[in-house]
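Listed below, chain by chain, are the residues.
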Amino acid sequence: MNEREKLLSRVQMYDFALIEAIEYLDGHPNNAAALAYYSKMRTAFDQAAAEYEDRFGPLTAREVDTRGGHWTWIDDPWPWEGAED
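Let me sum up the structure you'll find in this document. (Residues numbered from 1 in each chain as written. Predicted model: local features only at pLDDT ≥ 70, side-chain atom pairs only at ≥ 80, totals over all residues. Heavy atoms only, no water.)

1. A closer look at helix 1 (residues 3-27)
Given a rise of 1.5 Å per residue, 25 residues ought to cover 36 Å, and the 37 Å separating the end C-alpha atoms of helix 1 matches this to within 8%. Among the residues of helix 1, those classed as buried are R4, L7, L8, V11, Y14, A17, L18, A21 and L25. At the N-terminal boundary of helix 1, the capping side chain belongs to N2, with an oxygen 3.1 Å from the backbone nitrogen of R4. (Helix = DSSP H or I, 4+ residues; strand = E, 2+ residues; numbered from the N terminus. Expected span 1.5 Å × (residues − 1). Buried < 20%, exposed > 50% of the residue type's maximum accessible area, 1.4 Å probe, protein only. Polar contact = N/O pair within 3.5 Å; in protein donor to acceptor, adjacent residues only side chain to side chain.)

2. Here's the deal with the packing of helix 1 against helix 2 (residues 32-56)
One can describe the packing of helix 1 onto helix 2 by two numbers: an axis separation of 9 Å at closest approach and a directional angle of 155°. As judged from the angle between their axes, helix 1 and helix 2 are roughly antiparallel. The hand of the helix 1/helix 2 crossing is left-handed. Taken together, the residues of the contact of helix 1 with helix 2 sort by class into 21 nonpolar, no polar and 7 charged. (Axes fitted to C-alpha atoms, helices over the stretch in contact; angles between N-to-C directions. Parallel < 35°, antiparallel > 145°, perpendicular 65-115°, else oblique. Left-handed = near helix turned anticlockwise from the far one by under 90°. Nonpolar A, V, L, I, M, F, W, Y, C, P; charged D, E, K, R; others polar.)

3. Some thoughts on the pattern of salt bridges
The tally for this structure, following the rule as stated, stands at 3 salt bridges. Between R10 and E51 there is a salt bridge whose closest N-O contact spans 2.9 Å. Placement of R10 in helix 1 and of E51 in helix 2 is noted, with a sequence separation of 41 residues between them. On the basis of relative accessibility, which here comes to 31%, the residue R10 falls in the partly exposed class. Between D46 and R42 there is a salt bridge, and its shortest N-O distance comes to 3.1 Å. Of this pair, D46 and R42 are both found in helix 2, 4 residues apart, which corresponds to roughly one turn of the helix. The exposure class of D46 is partly exposed, given its relative accessible area of 36%. Overall, the relative accessible area of 37% leaves R42 in the partly exposed class. (Salt bridge = Lys/Arg side-chain N within 4 Å of Asp/Glu carboxyl O.)

The following block contains the structure:
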């Protein structure tokens, strides 16, 4: 597994944990432990996503920077495409 795949796997892992925490919190909105877990996973996800995007570009089209007058989403391999380091 190359570095890009490792980082993407980490992003996906934290995203999954967030979804599970959100679903639990929907039914238990005042659970302090679940709220703390959500906060911890949100921070971890944000850090992993930022690291991935700094090294390999945006994870979704919402993060594309168009200030250069170019739709850069199409320039690099997309997150789900296999790419060599």
